[in-house]
Amino acid sequence: MRRALLRWAPAARPPVREHYSMRVGQARRMQEGAAAMATPRAGVMPKIETQAAAFLEAHPELDGRGVVIAVLDTGVDPAADGLQTTTDGKPKVIDVVDCTGDGDVDTSTEREATVDDEGFHRVEGVTSGVSLKLPKALEGRWANPTGAYHVGVKDAFTLFPSALAKRVAKKRREAFEAEGRRLLTLEQGKLSAFDTKHGCTQPAKAGGDVAGGLSPALRLERKELAARVAQLTARLAAYEDLGPKYHCLVWHDGARYRAVVDTSETGDLTTAAPLAPYCDEHEFSHFGDVDKLTYCVQVYDAGKLLSVVADCHPHGTHVATIAAGYYPDQPELNGVAPGAQVVSLKIGDNRLDAMETTHAVCRAVQYMMSHKVDLVNMSFGEAAGRANAGRFIKLVDELVYKHGTIFLSSAGNSGPALSTVGAPGATSSSIIGVGAYVTPAMMADMYSLRQTVPAIQYTWSSRGPAVDGHAGVSITAPGGAIASVPNWTLSRNQLMNGTSMSSPNAAGNVALLLSALKQKGVAYSPHTVRRALENTGKAVPGVETLALGTGVVQVLNALRHCEQYQTALDKDVRFDITIPSRENARGLYLREPHETRTAFEGVVMITPVYHEDACNTKRIAFNLNLAVSCAASWVHVPETLLLYHSGRGINIRVDCDTLPAGSSHYTEVVAIDEAHPEAGPVFRIPITVVRPAAGLTGGAAELTAVMPFEPGQIERRFLTVPEGATWCDVSLKALGDDPRRNIVVHALQLHPQLPFSAYNSEQYHFIGGAQDEAALQSFKVIGGGTLELTFAQFWSSLGRSTVEVKVEFHGIVADTGVPIANGPAAAAGVTLQGAYGYARVDVAAPLRQESVDVSCSLTGHLRGFHPKTAVVKALGERDLFPDARQLHELVLEYEFSAPEAGEVYLRVPLLNDLIYDAAVQSQMLMLVDAHKKVVGWSDAYPQKLKVGKGKHVARLQVCHDDIAVLEALKSALVLTVERVLEKSAAVSVTPYATRADLYHKGAEAKAAALAKGARRAIFLKAPTVKESLQKHLQPGDVLTGSMTLGKARQAGPVQAADRPGGYKLTYVPPPAVPEGPKAPEDKEDAAPVPEKKEERDAAEVASAEAALEKELRGLRIKHLKQLCDEKKYVAYEAAWDGMKPAAAAGFIRYDVEATNQVLSLLTARLSTLDGLPHREERLADIVAAADAVVTAVDAGALAAHYGTLLDPEDLAASRLRKKMDVQKAALLDALAKKAAACEAMLAGAADEAAARERFADAYAALRKWVDPAAGADHVDLYVKHCIAQGRPALALEKVSTQLAEAEVHMAADKLKKLHAARERLLGVLEWGVLEEAEAKATAARFPHGYPCF
């Protein structure tokens, strides 16, 4: 539902990606929802219009029974009203599958259960410190013969629809704030009581000391109380809800896999109900009473992957209910085929606001190939640059033509202009595209209009033809319904309209048809069903064929057609129609001026195609005598055709040049089986001719007309856009005193290999009610091409209206290829080379006098990245095709660093902007920060993502079943990161009138009128980039922006409107200024060589002895280090006892380097002791080992060394500093470990006072060298010290300040220590709600690994 079928898509989404769904917002729908009605009328769930009501009355048992409908959508809620059972008591929803991966949980981590002191089984979660509590008796659903459990964790808000996540977050915040207010009241009361008791009053002067008369101890006590109030207030204000974290458990009970999701977030699973995969037992649950979001599970890859399936938008449930809903107590609410069963294949990805991905839709097709379904409904789609092309389309062709599945899809909601049908529904040969219309009964019962009008196509329903001439819309059905929606919406049903609703209505009718054919034993194929639907459709007076298709579905007539012609020669054959001279187009579409100046003559190939498994005898015997005709006098075709299996071509002539200019013309060449002429066409060849009116000259308006309208009425004009035009103004003025009407203006041009949305402008204007009320719509155009202008009064805008229309073309053209003297010509757009200093742009006004006002700005910083890693591997069982084709993924990782927090666009230009016509199956991009926390997701249509300062990793997944394709992409996929510059950092490029002005500080080029045909030179000066930006530029970077030539606003009697168009501006910064010479390398000074031989010999002997001693010392230390291991501890102690005298007496006499070697031995022993199991039993040994390190360091010499400033030019001093740094680090480590051990000795100390004094002394010794409160290295000691001193709030203040000021490049382990310290302090302060929030936030900030794609 990407296109305009559902107008709920986020505004940030590009127009090409709107959903096929209900028309929500503005005038595209009448209302958001409706309450359930006690006695709904027929128009609420339309069935009369398609003969479905009559069909069910005549054949009550042929109500869809035996038919399985796959719903490719946002997911279906199996708990929703009407989706529990079929009319014959079978489960309604027989499988629920997430094809997107947004519910995937990595459960590859395997654990075994232990038994706690109370007899409960415990399984360690994937997150450190999490223990999952299982029942005491593991039996029944909890049985686990293997004893193996798979664990994982899932971020709940990636499962919740965005609207639901906001609602849940609001409820959670309300509960949090209520508890926070309670805690704050308590802390404020403690402070107030203290002040009252000790007579503390607020000073008269601001800044005075409240506790001025208190003793030092009481002052400190009050400071702690005040810090409690301040810190609690600050932590409450800083609360950020990242959503629930659900721990997941998967195991095999001996018969099937089962899973539990810890929706309580407590780890207690004893009362949880294990779920089996939905297809096994049709079980589901919901996350909680607040959300009411239904979920079920699927398990893949031997338990290593859990899929938690939940719908992500009401759309899918609404669609499923239209097709097959069943309400035993309210049959008037039933869907079209209440006896049919449903398979929910979720293709709307919650990470992308319910938009579909190529991977999801292809995975859905793979599922349908592996699990037989009869019928598919897909109410999704978008504009595409190529028709009937792409990996998804090939897979659908295989599904339909090989597996015999019938596929219906919405045609689109992008009308009323022609060629607005979207992929895949109305652009693919194997899919039946469905348009949408509305009837008087629907207007009265569903929309509650005060008066009705005759049945009509919805104004927004997309029109054909496809870009290659294919008719586009195949059939039409009612495009609205009030139907069930998911329980999480807290509503029973809702009104939605769009071709998203007409498609499942048609699918329900096809389900009735298939139910009858199956029970009657009538053979059928996708081709016979399609021909039956198309040849029995009902025309709607006044609705054009390109909107209606072959007519409104008539299911009773379609059944008769299938029964009557079940033995026809063409029943097993489809017909491929191609025009070789037009790149094998499937129809003839002549639209551009050069195509319609003369008559067209060419060959159309018709090729019968049997199923690939069909008997060759049938192919040989196939001969079909056809009568060929066309109702249009301007098309000439042969009268007969004998068609055989290898195919035939017919020559057609189309007299385009005889047709009226300024309008469109549609007809079809039809072929009738001479043996069964009453059966209708065997195939159709669609022909569309658009003859644009020639453009005017002399600056006059291209079109001025007065148009009368009634509801739903459409007027079209086709014009040749003059060469040199860059935008068009369309002004509307209401005439007469009619009330305000909703008038649609839709302008469209087609351009090769671009979707129709590229040059598409559609706006709804409410005009009238006041004399001279007017509106203006401006949009970009392509000179020389055909422009369609469609004007319509919206279908539900009642009453007549008269509108004056005026169309004017404008153009300000920049010749960016003008060579600079002795320099290169500019490329497409405007490229400003910093090394050259300026760029020349010649501006012209070819159509009329224009006001030229050049404005240039650079608003983006773009850099390209090659992948750091690229790995191809096979995906799992879910991505295995029935013919054993295995899907593989290519995962590429790119690293970049954001110089500051802001917004970025991540693009993969080779893949972006393609979904249904994409050659590969996936292009999902995951952006994470340095700690693997997800920052955002993006896919074919890049979205603006907010990033923090520092390192980021972008992970791109591309999928295909051909490994060679993925291998070729390893080095081809460059990621571009475009950072959006803040307004203060944006770079202005100044335009000048002459070259001399560039360097003489001349005046900027001023806005001025440019006469028709005149030219003007503009010189753009290379800008001066601010230092704040310049320092981040690297070779290869460019700055991006735009250059506009016209004034930004239009003044006059009509409302203001932006001027579209302009040019892309790219600035290539000049090479950076080279750095100065590097400092010489720091090498040891060579010892002077003695002059006398005896002295030289003695020096050599001494040097050799020193070297030997050094080597021996090093070997001893190396030997001991090798024994510094838990498993070798006994041998280590024995070796250490033998080495202690040497360490104490011999080694220390050597120089600083020797001391450092000994320190490495002593610190290794200290670290070993500190890290051994049962550390509490060796605390005294740890203290002794730490003292040994402290003793080995000459603290006085160390202090003296660091007490003087280091001369950076003194190389010897620099070398000594490096060696002394080793001693300092060893000393700090020893003092810290000693203090920690002393603190641990407090527990159970016989002499508590002595133990506290010992800890205080150790902490004081550490503080002489470092502030434990600074940084994360010793924060745990600082916290313990403050807790011991009764100052947790003051410690919290310090720790929170550290976190607020923490560098983005701080290592994850240090950040975790700070967060752990804050969590502990919150616990000591007994602020449980904040302690819990901190723990959850820390787990979210530091995930255990990357999430699944």
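Note: the structure precedes this text.
Residues numbered from 1 in each chain as written. Predicted model: local features only at pLDDT ≥ 70, side-chain atom pairs only at ≥ 80, totals over all residues. Heavy atoms only, no water.

A.B. asks: What should I look at first to understand the overall build of the protein chain in this one?
C.D. replies: Looking only at helices and strands, the protein chain has 28 helices and 59 strands in total. When the 1349 residues of the protein chain are sorted by exposure, 54% land in the buried category. Sequence separation of 24 or more characterises 75% of the internal contacts of the protein chain that already satisfy a separation of 6 or more. (Helix = DSSP H or I, 4+ residues; strand = E, 2+ residues; numbered from the N terminus. Buried < 20%, exposed > 50% of the residue type's maximum accessible area, 1.4 Å probe, protein only. Contact = heavy atoms within 4.5 Å.)

A.B. asks: Explanation requested: the sheet that holds strand 34 (residues 703-709) in the structure shown.
C.D. replies: Here we have four strands laid out as an open sheet, ordered 34-41-36-39, and antiparallel in their pairing. Whereas interior strands pair on both sides, the edge strands pair on one side only; in this sheet they are strand 34 and strand 39 (774-780). Taken over all neighbouring pairs, the strand axes of this sheet differ in orientation by 20° on average, direction set aside. Bridge count for strand 36 (residues 727-735) against strand 41 (residues 801-810) is nine bridges, and the pairing is antiparallel. If you follow D729 over to strand 41, its bridge partner there is E808. (Pairing = 2+ DSSP bridges. Axes fitted to C-alpha atoms, helices over the stretch in contact; angles between N-to-C directions.)

A.B. asks: Help me out: how do you make sense of empty space enclosed by the protein in this one?
C.D. replies: To find leftover empty space, a probe the size of one water molecule is rolled over the atoms. Inspection of the entire model under this criterion finds nine cavities of 30 Å³ or more. Taken as a whole, the largest cavity holds about 200 Å³ of empty space. Along the walls of the largest cavity sit 18 residues, with R531, H561, Y565, A568 and D570 positioned nearest its centre. Those elements giving two or more residues to the lining of the largest cavity turn out to be helix 10 (526-535), helix 12 (555-564) and strand 33 (681-691). The volume enclosed by the second largest cavity comes to roughly 70 Å³. Every residue lining the second largest cavity is listed: A384, A387, S419, V421, G422, T427, P465, A466, V467 and F756. (1 Å grid on protein atoms, 1.4 Å probe; cavity = no way out; pocket = protein on both sides within 12 Å on 5 of 7 lines; lining within 4 Å. Points joined across faces, edges and corners; volume = space filled by probe spheres on them.)

A.B. asks: Is there a simple way to explain the packing of aromatic side chains in this structure?
C.D. replies: Centre-to-centre distance and the angle between the planes together describe a pair of aromatic rings. As enumerated under the stated definition, the model contains 19 aromatic pairs in all. Measuring from ring centre to ring centre gives 4.3 Å for F287 and Y295, while their planes differ by 15°; the resulting arrangement is stacked. F287 sits in the buried class, given a relative accessible area of 5%. When the ring of F575 is compared with that of F683, the centres are 5.6 Å apart and the planes differ by 45°; the resulting orientation is tilted. Taken together, the residues span a long stretch of sequence, with F575 in strand 25 (residues 574-578) and F683 in strand 33 at a distance of 108 residues. F683 carries the same exposure label as F575, and that label is buried. Here the aromatic residues Y447, Y458, W460, Y764, F794 and W795 are joined through ring pairs into a cluster of three or more. We note K133 situated over the ring of F120; from NZ or CZ to the ring centre the distance is 4.1 Å. Across the ring face of Y1346, the terminal group of K932 is positioned such that the distance to the ring centre comes to 4.9 Å. (Phe/Tyr/Trp six-rings, centres within 6.5 Å; stacked < 30°, edge-to-face > 60°. Lys NZ or Arg CZ within 6 Å of the ring centre and 35° of its normal.)

A.B. asks: I keep staring at the side chain of H810 and nothing clicks. Help me out?
C.D. replies: Looking at the secondary structure, you find H810 in strand 41. We classify H810 as buried; its relative accessible area is 9%. Within the structure, H810 has its side chain in polar contact with the side chain of E850 (distance 3.0 Å). If we ignore the near neighbours within four places in the chain, the residues touching H810 are A725, T726, W727, D729, L847, R848 and E850. (Polar contact = N/O pair within 3.5 Å; in protein donor to acceptor, adjacent residues only side chain to side chain.)

A.B. asks: Teacher, can you tell me more about the pattern of salt bridges here?
C.D. replies: As a working rule, side chains carrying opposite charge can pair if their charged atoms are close by. A full pass over the atoms with the stated rule returns 62 salt bridges. For R885, the salt bridge identified is with D883, shortest N-O distance 2.9 Å. Taking the relative accessible area as the measure of exposure, R885 reaches 25% and is therefore partly exposed. D883 gets classed as partly exposed once you look at its relative accessible area, which sits at 41%. The salt bridge involving R955 is made with E893; its shortest N-O contact spans 2.9 Å. Of this pair, R955 sits in strand 52 (residues 950-960) while E893 is found in strand 47 (residues 888-898), placing the two residues 62 residues apart along the sequence. Residue classification places R955 among the buried positions, given a relative accessible area of 12%. (Salt bridge = Lys/Arg side-chain N within 4 Å of Asp/Glu carboxyl O.)

A.B. asks: Could you clarify how one ought to interpret the pairing of strand 15 (residues 341-346) in this entry?
C.D. replies: A regular strand carries its side chains on alternate faces of the sheet. With six of six residues buried, strand 15 lies mostly within the body of the structure. Alternating positions in strand 15 separate into two faces, Q341, V343 and L345 on one and V342, S344 and K346 on the other, with burial throughout. In this sheet, strand 15 lies alongside strand 2 (residues 68-73) in parallel orientation, the contact comprising six bridges. Considered in strand 15, the bridge of A70 is made with V343.

A.B. asks: Could you clarify how one ought to interpret the packing of helix 2 (residues 162-198) against helix 3 (residues 216-237) in this entry?
C.D. replies: Any two packed helices are characterised by how steeply their axes cross, that is the angle between the axes, and by the distance between the axes. Contact pair helix 2 / helix 3: the axes reach a minimum separation of 10 Å and the direction vectors enclose 160°. In this view, helix 2 runs roughly antiparallel relative to helix 3, as classed from their interaxial angle. Of the two elements, helix 2 crosses helix 3, and the hand of that crossing is left-handed. Residues F176, G180, L183, L184, E187, Q188, K190, L191, F194, D195 and H198 of helix 2 form the contact with helix 3, whose own contacting residues are L218, E221, R222, L225, A226, R228, V229, L232, T233 and L236. Considered class by class, the residues forming the contact of helix 2 with helix 3 number 11 nonpolar, four polar and six charged. (Parallel < 35°, antiparallel > 145°, perpendicular 65-115°, else oblique. Left-handed = near helix turned anticlockwise from the far one by under 90°. Nonpolar A, V, L, I, M, F, W, Y, C, P; charged D, E, K, R; others polar.)

A.B. asks: Where do I start with the nonpolar core in this structure?
C.D. replies: Buried together is how nonpolar side chains tend to be arranged in soluble globular proteins. Ranked by internal contacts, the top residues of the largest apolar core, which has 70 residues, are L232, L1166, V1189, L1277, V1295, W1327 and L1330. In terms of residues, this core owes the most to one element, helix 23 (residues 1211-1240), which gives 11 residues. In this structure, L1330 is in contact with F176, L232, R235, L236 and L1322, ignoring residues within four places of it in sequence. In this structure, M45, A324, V336 and A532 belong to the second largest nonpolar core, which totals 56 residues. (Core = buried A, V, L, I, M, F, W, Y, C linked by side-chain atoms within 4.5 Å.)

A.B. asks: Please clarify how helix 24 (residues 1248-1263) should be interpreted in this entry.
C.D. replies: Owing to its 3.6 residues per turn, the α-helix aligns residues three or four sequence positions apart on the same side. End to end, helix 24 covers 22 Å across 16 residues, agreeing with the expected 22 Å (1.5 Å per residue, within 8%). For helix 24, the set of buried residues is A1251, F1255, A1258, Y1259 and L1262. Along the long axis of helix 24, the arc covered by the buried residues comes to 95°, so they all point the same way. Along helix 24, exposed side chains directed more than 90 degrees from the buried face belong to A1249, E1253 and R1263. Where helix 24 is buried, its residues touch helix 23 and helix 25 (1275-1284). (Expected span 1.5 Å × (residues − 1). Arc of directions from axis to C-beta.)

A.B. asks: Would you mind going over the pairing of strand 14 (residues 305-309) with me for this structure?
C.D. replies: Burial within strand 14 is extensive, with five of its five residues counted as buried. Here strand 14 shows two buried faces, one formed by L305, S307 and V309 and the other by L306 and V308. Alignment of strand 4 (residues 104-106) against strand 14, held across three bridges, turns out to be antiparallel. Within the sheet, the bridge partner assigned to D106 lies in strand 14 and is L305. Looking at chain direction, strand 13 (residues 294-300) and strand 14 are connected through five bridges and run antiparallel.

A.B. asks: Help me understand a nonpolar patch on the surface, please; the structure alone is not making it clear to me.
C.D. replies: Judged by side-chain polarity, L1108, L1112 and L1115 come together as a nonpolar surface patch covering roughly 270 Å² of accessible area. Among the structural elements, L1112 can be located in helix 18 (residues 1093-1122). Taking relative accessible area as the criterion, L1112 reaches 34% and is therefore assigned partly exposed. (Patch = residues over 30% accessible without salt bridge, like charges linked within 9 Å, V, L, I, M, F, W, Y side chains within 5 Å. Areas by Shrake-Rupley, 256 points an atom, 1.4 Å probe, with all protein chains shown as cover.)

A.B. asks: So what exactly am I meant to see when it comes to the packing of helix 3 against helix 26 (residues 1288-1301) here?
C.D. replies: Here helix 3 crosses helix 26 at 50°, and the two axes come no closer than 7 Å. When the axes of helix 3 and helix 26 are compared, the pair comes out oblique. Considering only the axes of helix 3 and helix 26, their crossing is left-handed. Contacts from L220, K223, E224, A227, R228, Q231 and R235 of helix 3 reach helix 26 at P1288, A1289, L1290, L1292, E1293 and S1296. When the residues that make up the contact of helix 3 with helix 26 are grouped by side-chain class, the tally is six nonpolar, two polar and five charged.

A.B. asks: Explanation requested: the sheet that holds strand 40 (residues 786-793) in the structure shown.
C.D. replies: Strand pairing in a sheet is mediated by backbone hydrogen bonds. Such pairs are either parallel or antiparallel. In spatial order, the strands read 35-40-37-38; together these four strands make up an open sheet with antiparallel pairing. Unpaired on one side and paired on the other, strand 35 (714-720) and strand 38 (760-767) mark the two borders of the sheet. Across the sheet, the mean angle from the axis of one strand to that of its neighbour is 15°, orientation sign disregarded. Sheet topology note: the strand 37 (residues 741-748)/strand 38 ladder contains eight bridges and is antiparallel. Bridging from a neighbouring strand, V744 pairs with Y764 of strand 38.

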